[in-house]
Amino acid sequence: RVKELAKLQMKKYRDRQDQCIVEGYHLVQTAKEFGLLEQVYALKAESAYPDAVLLSEHVMKKITQAKTIPAIIGVCKTVLPTDIRKRVLFLERIQDPGNMGALIRSAVAFGFTSLVASECVDLFNPKVLRATQGALFHLSVNYFDIATFKTKFPDHVLYAAVPRTTQTQTMRPNRSVCLMLGHEGQGLSSEALQLADKEITIPMDGFESLNVSVAGGIIMHALAGQPIFKGD
């Protein structure tokens, strides 16, 4: 069983089993809240998880790749909802787990409820899951390219995030939107740019571009139309 659990660190086994490992109390509890948790393993008895299987640190280390051995891990299902909702984040060729996790957290924070991934790092990679802090479980998730998305969901306005644009108007969308963000170094593909309804950029002084997760967070906040601060 330990060997089978350790295999879930690899994408091909996660895909085969429709399962992944979540590490730490917060991720385990979040998976439980969304009905995805199947089994819990812990270093000591946990009152919240009376059915947890107890493991030694030596065995736990063989299952997880985390630098610090977690006190608790869970096996959870990787099957998430697939319905496309009003605000969609489309990610193309995002490769860094930290960027992916940060983008997913920002999406949930700013009211984006659907994620479409095309040729990206595996969403259930342990590093991605740790970076999302459970935000992934709040989203519906699909895997297809932007041409497929536009064909299936023509009512969504496609916004392409680009370093520079000739468009100058301030946009406050009131329709269904899909924000497109691309590869850390190369940006969006030419196909995605051609299919975009609008281009969107962040006015800056001194720099041409930002890290994709930072830029994505700023743009998602802007598209959500929310103030920066909320008073009483």
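Rules behind the numbers
- Residues numbered from 1 in each chain as written.
- Predicted model: local features only at pLDDT ≥ 70, side-chain atom pairs only at ≥ 80, totals over all residues.
- Heavy atoms only, no water.
- Helix = DSSP H or I, 4+ residues; strand = E, 2+ residues; numbered from the N terminus.
- Rg over C-alpha atoms; globule rule 2.2 N^0.38 Å.
- Buried < 20%, exposed > 50% of the residue type's maximum accessible area, 1.4 Å probe, protein only.
- Contact = heavy atoms within 4.5 Å.
- Areas by Shrake-Rupley, 256 points an atom, 1.4 Å probe, with all protein chains shown as cover.
- Lys, Arg positive; Asp, Glu negative; His and termini not counted.
- Charge placed at Lys NZ, Arg CZ, Asp CG, Glu CD.
- Phe/Tyr/Trp six-rings, centres within 6.5 Å; stacked < 30°, edge-to-face > 60°.
- Pairing = 2+ DSSP bridges.
- Axes fitted to C-alpha atoms, helices over the stretch in contact; angles between N-to-C directions.
- Salt bridge = Lys/Arg side-chain N within 4 Å of Asp/Glu carboxyl O.
- Patch = residues over 30% accessible without salt bridge, like charges linked within 9 Å, V, L, I, M, F, W, Y side chains within 5 Å.
- 1 Å grid on protein atoms, 1.4 Å probe; cavity = no way out; pocket = protein on both sides within 12 Å on 5 of 7 lines; lining within 4 Å.
- Points joined across faces, edges and corners; volume = space filled by probe spheres on them.
- Nonpolar A, V, L, I, M, F, W, Y, C, P; charged D, E, K, R; others polar.

**Topic: the overall build of the protein chain**
Each helix and strand counted, the protein chain has 9 helices and 10 strands in total. Scaling as 2.2 N^0.38, a compact globule of 232 residues should have a C-alpha radius of gyration of about 17 Å, and the protein chain matches this with 19 Å. For the protein chain, the spread of C-alpha atoms along the principal axes amounts to about 60 × 45 × 35 Å. The buried share among the 232 residues of the protein chain stands at 47%. Summarising the internal contacts of the protein chain: among those between residues at least 6 apart in sequence, 72% fall at separations of at least 24. In the structure as shown, the protein chain presents an accessible area of about 12,300 Å², 51% of it carried by carbon and sulfur atoms. Side-chain charges of the protein chain comprise 27 positive and 23 negative groups, with the mean position of each set lying 3 Å from the other.

**Looking at the environment of Val 128**
You can see Val 128 is positioned in helix H6 (residues 126-132). A sequence separation of 72 residues divides Val 128 from Ser 56, and the C-alpha atoms of the two residues are 25 Å apart. Once residues within four sequence positions are removed from consideration, Val 128 is found in contact with Pro 97, Met 100, Gly 101, Val 121, Asp 122 and Leu 123.

**Regarding the packing of aromatic side chains**
All told, the structure shown has 1 aromatic pair when counted by the stated rule. Measuring from centroid to centroid gives 5.2 Å for Phe 149 and Phe 153, while their planes differ by 40°, and the two rings are tilted.

**Observations regarding the sheet that holds strand S1 (residues 19-23)**
Read across the sheet, 4 strands follow the order S1-S4-S2-S3 without closing on themselves; strand pairing throughout is mixed. The open sheet has two edge strands with one neighbour each: S1 and strand S3 (53-54). Inspection of the sheet shows strand S2 (residues 37-42) paired to S3 by 2 bridges, in the parallel sense. Residue Ala 42 lies in a different strand from S3, and its bridge partner there is Leu 54. Sitting on the sheet, helix H3 (residues 25-33) is in contact with S1, S2 and strand S4 (72-77), with an inclination near 30° to S4.

**What about the pattern of salt bridges?**
In the structure shown here, the tally under the stated rule is 7 salt bridges. For Glu 4, the salt bridge is made with Lys 7, and the minimal N-O distance between the two is 3.5 Å. Of this pair, Glu 4 and Lys 7 both sit in helix H1 (residues 2-7), 3 residues apart, which is roughly one turn of that helix. Using a relative accessible area of 27% as the deciding quantity, one classes Lys 7 as partly exposed.

**Regarding a nonpolar patch on the surface**
A contiguous nonpolar surface patch, about 220 Å² in accessible area, is contributed by Leu 210, Val 214 and Ile 218. Assignment of secondary structure puts Leu 210 in the loop between strand S10 (198-200) and helix H9 (212-224). Residue classification places Leu 210 among the partly exposed positions, given a relative accessible area of 36%.

**Looking at the layout of surface pockets**
Approximately 380 Å³ is the volume attributed to the largest pocket. Around the largest pocket sit 22 residues that line it, and Ala 161, Val 162, Pro 163, Ser 209 and Leu 210 are the ones nearest its centre. Here the lining of the largest pocket gets 3 residues from one element, more than from any other, and that element is H9. Grouping the constituent residues of the lining of the largest pocket by class yields 13 nonpolar, 7 polar and 2 charged.

**Examining the sheet that holds strand S6 (residues 114-118)**
The 6 strands are arranged S7-S6-S5-S9-S8-S10 in an open sheet whose pairing can be described as parallel. Each edge of the open sheet carries a strand with a single partner, namely strand S7 (140-142) and S10. Averaged over all pairs of adjacent strands, the angle between their axes in this sheet comes to 25°, without regard to strand direction. Where strand S8 (residues 157-161) and S10 come together, 3 bridges link them in parallel fashion.

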